[in-house]
Amino acid sequence: MANTSDLGESNPSLQNYAITASAVKLASLGLIICTSLIGNVSLSLLVLKDSTLHKAPYYFLLDLCLADIIRTTVCFPFVMISISSGSIWAYSLISCKIIAFMAVLFCFHIAFMLFCVSVTRYMAIAHHRFYSKRMTLWTCVAIICMVWTLSIAMAFPPVFDVGTYKFIREEEQCIFEHRYVKANDTLGFMLMLAVIVGTTHVVYIKMLCFVYDHRKMKPAQLIPAISQNWTFHGPGATGQAAANWIAGFGRGPTPPTLVGIRQASHNANRRLLVLDEFKMEKRIGKMYYMITLAFLVLWAPYIVTCYLRVFVKGSTIPQVYLTAAVWLTFVQAGANPIICFIFNKELRMRLRACFPFCVGTQTPMEPYCVI
């Protein structure tokens, strides 16, 4: 193939177009890197600093942020170097395989992690008692370790040429070489990614159906008991009022018949999902579903190009579309913090509390008096 200088000597307008395209690529990728680092580092520090966010869904969010930070700092600079070098890989074949391995690793990592998060979100809504007892810090650590193990298992075989990691000039990066299905083994990896993303959406649909079905339940109409000096009578006089007081829901002084009986204190492992907790869990579930949907939307164009290369022999994909598809996968690294702060009110409140210098404040007005 002719290089850029040869094309420029024969057609100066084509050379100007190539220079402009490279400048746009570098500028856009630089903006993506800055946005990703600022957003993911800020969100990670917020989760680490604020003890009220030390909960299972935010541990998973911290893992996603750290993965995006590593991907941004390790993989993206090599893409910028390849663009500046004229779409060539200036390093060894081993280094190209390492960068490609890490790129595929982070892709499968977020897919597996979002699937596990969808399962935990469903458990938090549909089986809250089991979720509150079992979803401890060590359970989260075990899930995160399992996700990384599965991701490494999916990304490691092409290092030994089960499939091929190489520099793809049209994409400006080291990645899978997707060829026709009879000449390459990448179809299995692409099918696995599609199955994971599809199953994740199925879990969220099941959770949505559960919430919708239980919204139609009507609260029980109870007739309250009448009390005179803690002597309950009337239709509701079944002893439940006194039992409620013992359980910690009573008000006022201790009834004479219950003096000496210890009132139960509230604990964190409540049996039922109260309204405030339900709203919080639903809000976190909505946030994670938007992250999952963004992952699907941003990766779908590139996945389509991969399937075209696998199933259509000798397929030619327009360079503009391919470049846009690849850059959308880069955008995904910086999209998660933006989605989190938009769809999670709790994170916005904690951000204002922990980093007040990052949020604009109104200048207090001086007091005045009327003469």
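Residues numbered from 1 in each chain as written. Predicted model: local features only at pLDDT ≥ 70, side-chain atom pairs only at ≥ 80, totals over all residues. Heavy atoms only, no water.

Going by what an unreviewed UniProt entry lists, the protein is known as Probable G-protein coupled receptor 27 and is assigned to Clupea harengus. According to UniProt, the comment filed for the protein under the heading Subcellular location (unreviewed entry) is "Cell membrane". (UniProt positions renumbered as here; feature names shortened; annotations may be inferred.)

Asker: I tried to follow the overall build of the protein on my own but got confused; where do I start?
Answerer: The helix and strand tally for the protein stands at 12 helices and four strands. The proportion of buried residues among the 371 residues of the protein is 41%. Summarising the internal contacts of the protein: among those between residues at least 6 apart in sequence, 74% fall at separations of at least 24. Just so you have it, the protein exposes about 21500 Å², and 67% of that area is on carbon and sulfur atoms. (Helix = DSSP H or I, 4+ residues; strand = E, 2+ residues; numbered from the N terminus. Buried < 20%, exposed > 50% of the residue type's maximum accessible area, 1.4 Å probe, protein only. Contact = heavy atoms within 4.5 Å. Areas by Shrake-Rupley, 256 points an atom, 1.4 Å probe, with all protein chains shown as cover.)

Asker: Whenever I open this one, unusual backbone geometry confuses me. Can you help?
Answerer: Among all residues except glycine, the phi angle is most often negative; among peptide bonds, the trans geometry is most common. Positive phi, close to 60°, is recorded for Ser87, a residue that is not glycine. Topologically, Ser87 is positioned in the loop between helix H4 (76–84) and helix H5 (93–126). Here Ser87 falls in the buried class, since its relative accessible area comes to 14%. Positive phi outside glycine occurs at Glu172, with the angle close to 65°. By secondary structure assignment, the location of Glu172 is in the loop between strand S1 (165–168) and strand S2 (173–176). Take Glu172: its relative accessible area is 6%, and that puts it in the buried class.

Asker: Just checking my understanding: could you explain the packing of helix H3 (residues 56–74) against H5 for this structure?
Answerer: In contact at an axis separation of 10 Å, H3 and H5 are set at 165° when each is read in the N-to-C sense. Between H3 and H5, the interaxial angle falls into the category roughly antiparallel. When you trace H3 past H5, the crossing you get is left-handed. Residues Pro57, Phe60, Asp63, Leu64, Ala67, Ile70, Arg71 and Val74 of H3 pack against Ile99, Met102, Phe106, His109, Ile110, Met113, Leu114, Val117, Thr120 and Arg121 of H5. Here the residues of the contact of H3 with H5 are counted per class, giving 13 nonpolar, two polar and three charged. (Axes fitted to C-alpha atoms, helices over the stretch in contact; angles between N-to-C directions. Parallel < 35°, antiparallel > 145°, perpendicular 65-115°, else oblique. Left-handed = near helix turned anticlockwise from the far one by under 90°. Nonpolar A, V, L, I, M, F, W, Y, C, P; charged D, E, K, R; others polar.)

Asker: Could you clarify how one ought to interpret the UniProt feature "transmembrane region" (unreviewed entry) in the protein in this entry?
Answerer: Here, the residues flagged by UniProt with the feature "transmembrane region" (unreviewed entry) are residues 26–48, 60–83, 89–115, 136–156, 189–212, 288–312 and 324–343. Counting secondary structure, residues 26–48 comes out at 100% helix and 0% strand; the distance between its end C-alpha atoms is 32 Å. Measuring from the first to the last C-alpha atom of residues 136–156 gives 30 Å, for a span that is 90% helix and 0% strand.

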